[in-house]
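# Analysis of the macromolecular model
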Amino acid sequence: MLSLAVGCSKDKSSQQQLTQQGNASSAHAYQGKLEPDDGQWIRPAKDLASLRYSTLDQINTGNVKNLKVAWTFSTGLDRGHEAAPLVVNNTMYIVTPWPNMLYALDLTQPGAPMKWQYNPRPSTSSKGVACCDVVNRGAAYADGKIFYNTLDNFTVAVDAEKGTEVWRTKLGDINRGESVTMAPLVVKDKVLVGNSGGEFGIRGWLTALDTKSGKVVWRAYHTGPDKDVLIGPNFHPYYPQDRGQDLGVKSWPPDAWKVGGAGMWGWISYDPETNLIFYGTANPGPWNAEMRPGQNKWAAGIFARDVDTGEAKWFYQYSPHDEFDYDAVNENLILDLPINGQTRKVLAHPERNGYFYIMDRTTGQVLSANPYGHITSTHGVDLKTGELQYVEEKKPRFGAVVRDICPAPPGVKDWQPSSFSPRTGWIYIPHQNLCMDEEDLDVNYIAGTPYVGTNTRMYAGPGGNEGRLTAWDPIQNKMVWELQEKFPVWSGTVTTAGDLVFYGTLEGWFKAVDAKTGNVLWQFKTGSGIIGQPISYRGPDGKQYIAVLSGVGGWVGAIVSGGLDARDPTAALGFANASRDLPKVTSKGGMLYVFSLP
Amino acid sequence: MSSLFRSGIFFFVFSLPAFAATLKVCADPDNLPYSDKAGAGFENRLAHVIGSGLHEQVQFVWARPRRGFVRERMNKGECDVLMSVPVGMRGVLVTKPYLRSSYVFVTRADRDLDISSFDDPQLKKLKIGVQTLDDEYAPPAQALGKRGMLTNIVGYEPFGKVPGKIVSDVANGKLDTAVVWGPLAGFYARRSRKKLRLTPVQPDHEGALPFAYDLAVGVAKNKPELVGRINQVLAEKHRAISLLLTSFGIPQLNSREVMEARR
């Protein structure tokens, strides 16, 4: 692949570097249908297809340089802020990390004063079971209510106008290591929620609750017998390795499925045409793969389910017997793309294992899976069998030294969601370039007792910088341009009809990039590192606004928000080594920033 | 004036020995049998044995030795020594070992299970208590997991409010057995009303995974001169130390290194 460096931002302090394809792929306007845009932002992904595209074009490549802060709002919290703000009926809603406060801000008043706040009072002990900082990825609006999840496993419905609690339902148990960090998706009259805690021996599930009453309508487990997984006669996986009775039991050592992980803490998409939801399952547990020989279904794969009944339609396992913590919870963008002269109904999925999957969403067939980052842990995906080809010598073995495993456990991309522009036809992927070494066993001593730890150390892969923003052509299946950042790009992206892509960096820069060329046109330094999801909306005054939460944390930023020691390279499950310089360039503190043209 | 001045000098010289070298010992304020604030742990007692051998005054610095503790506190000069660290632990200097102990199977004597190996077929039917820690491997959990006995495991926190619970749950029948680090098992087994049996895990390692560890005094990196001096005290006082450990019920294995250190 020929690539050439063509330019840099004007800001010399930034490490970013732009790479464009030698024979640049040309933009191609999208021919598929799009959900109409009313200028609001009622769920983190904006539309049910998870495209995160705003049709607003007041702010564009020509005038974005004049973008200014319109107003701000402090959350007063110092943990990682991963949520997307919502905008509904001229009100903005913000969900914070633990203690999971919900704030309503009145957009019709100057400076957007607070209308009300709602405190769900989550349990303090839930902080101890969250693996990777006490984050929350946002809320969803439907039917006059704001729905979101608390770290201690409650789903709450709050009256959007008054801020009063309509119902709350407990879905899991912190004493079993369960927590909930994901943003729910509301489809028709159902709130869809999944659990986190693959590091703590949970059994993963996705649950549908009734929007009116909060009652559980169905729950689908991700391990165990078919009846628990809601697998029945209508289950037709594309590949033979996913067919058979009770694979959620048989692909594990005896009883290990009961603590097999496979939670669901990422994103769900919905296709009204087929009435199917699509979502990925998390890593199998325990983390140490030697303790769970077998394919470990239905972990690290994708389910298509009927939203009304939860019944599984198909499944595909991206990373069978996952050895590297390659959760499959990343977003699925629903698109109709011309492939080999035919319009195919597809899912576009930048997977943690490093391949960009284009799948037929009606059957679960993998149409293509090209690498969008540096990969040494696998050779590729066999498109005939659908199987991921592992590299034997890169498998972690207890007590052995294995070097240069790429991608590292956070993958080529983690939870941070990408966006799509129908004007270019490209997908804008915020992600990372991380490899790791698994070193000798290390004797540790905790509270008087000797333990043994494997030493995981993460570091930047080839090219040196740890972060990437990649524009990807899902038809030609290749990168169009790519920006580099010193640290992983752990924020989401949003794309607008002004041909802009917005994203944030861990240093705290919020940037606007030309969607066609990758040139940085504007940037603003916020108070803390950005791991939130930017949005674009139309205010009551008719103006376009861009909003994002700043506030470093999460797995990558725990070294700042959790005050971990930068000299312990194995802290934060090995991530601390990769982010050791982060405390030098940013500090913690949650703040909402809203931008507009003067 | 001058006499006052002289008496001042005199006072200063006289009281010097009290100020002279202090041995700062980091210890958990509430984690028996290791240490507690009342001085009732074997690490408290061992610290005084070593302090007197060094002719230094022991000063306890209360700290919970959790993850990152060595880097964040010990090597920043808060203390000079940790009383019991496994040989091979990174981040600290270590003396010669004074004790070799092992993970042990704890069972009730009246059940006569006689388990000493993870390959014992009886284990598959038993409820087994193990202390676990999220991203670290408790050696027994690793061994049980590899044999497909993950769901036999009942997890216990290593630093709960009641660290002896894993042992008392064997005594009261909630567990069939537990695989527990020797010093902890020995101390709480002694206090148990039901008679308990402790059997060291055999063999004492499995591939790269040890079940028995040599314990030594951990010394802060900025105090390298302390290592040789403490080694000398450990050799001189080995009988007293061994008796002290026995009085806490700590299972002691023979170790070539420990024996050599005593010479």
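Everything quoted here is computed from the prediction, not taken from an experiment. Throughout, a residue's number is its position along its own chain's written sequence, starting from 1. For naming, the first written chain is A and the first written ligand is 1, with later ones following in the order written. Thresholds applied to this predicted model are a pLDDT of at least 70 for local features of residues and 80 or more for the giving and counting of side-chain atom pairs; totals over whole chains, interfaces and linings are not thresholded and use all residues.

In this section: the overall build of chain A. Numbered from the N terminus, helices here are DSSP runs of H or I no shorter than four residues, and strands are runs of E no shorter than two. Helix and strand counts for chain A come out as five helices and 40 strands. Radius of gyration: over C-alpha atoms. The globule rule applied is 2.2 Å multiplied by the number of residues raised to the 0.38 power. Relative to the compact-globule value of 25 Å for 598 residues, chain A shows a C-alpha radius of gyration of 22 Å, a close match. Burial status across chain A gives 61% buried among its 598 residues. Two residues form a contact once the distance between their C-beta atoms, set from the backbone, is within 7 Å. Pairs at least 24 residues apart make up 62% of the contacts formed inside chain A by residues separated by at least 6 positions. Exposed residues have 12 or fewer other C-beta atoms within 10 Å of their own C-beta, buried residues have 20 or more, and residues in between are partly exposed; the C-beta atoms are placed from the backbone.

The next subject is the overall build of chain B. For chain B, the count of helices and strands is ten helices and 14 strands. Within chain B, the proportion of its 263 residues that are buried is 42%. Residue pairs at least 24 apart in sequence account for 75% of intrachain contacts in chain B once pairs closer than 6 positions are excluded.

Glancing now at the domain arrangement of chain B. Often, the extent of an interface is quoted as the loss of accessible area on bringing the components together. Residues and elements named next belong to chain B. Residue ranges assigned to the domains are those given by an automatic or database domain assignment. By the assigned domains, chain B splits into domain 1 (15–99 + 214–262) and domain 2 (102–210). Residue-level contacts link eight residues of domain 1 with 13 residues of domain 2. Residues are grouped as follows: Ala, Val, Leu, Ile, Met, Phe, Trp, Tyr, Cys and Pro are nonpolar; Asp, Glu, Lys and Arg are charged; every other residue, Gly included, is polar. Grouping the constituent residues of the side of domain 1 that touches domain 2 by class yields six nonpolar, two polar and no charged.

Here we come to the sheet that holds strand β23 (residues 355–360) of chain A. Residue and element names in this part refer to chain A. Spatial ordering of the open sheet is given by β21-β22-β23-β24, a layout of four strands whose pairing is antiparallel. Each end of this open sheet is capped by a strand with a single partner; those strands are β21 (333–339) and β24 (366–371). Going from strand to strand, the sheet's axes swing by 30° on average, the running direction of each strand aside. The criterion for strand pairing is that DSSP finds at least two bridges linking the strands in question. Direction of pairing for β21 relative to strand β22 (residues 342–350): antiparallel, over a ladder of seven bridges. Across the sheet, Asp336 pairs through a bridge with Lys345, a residue of β22. Axis lines are fitted through C-alpha atoms, for helices just across the contact stretch, and the angle between N-to-C directions can take any value from 0 to 180 degrees.

All right, on to the confidence of the model for chain A then. The predictor's confidence in any single residue is recorded as pLDDT, a number from 0 to 100. Residues at a pLDDT of 70 or more form 92% of chain A, whose mean pLDDT is 91. In this model residues 1–15 of chain A is a low-confidence stretch, pLDDT under 50, and it forms 25 contacts with partners more than four residues away in sequence or in other chains.

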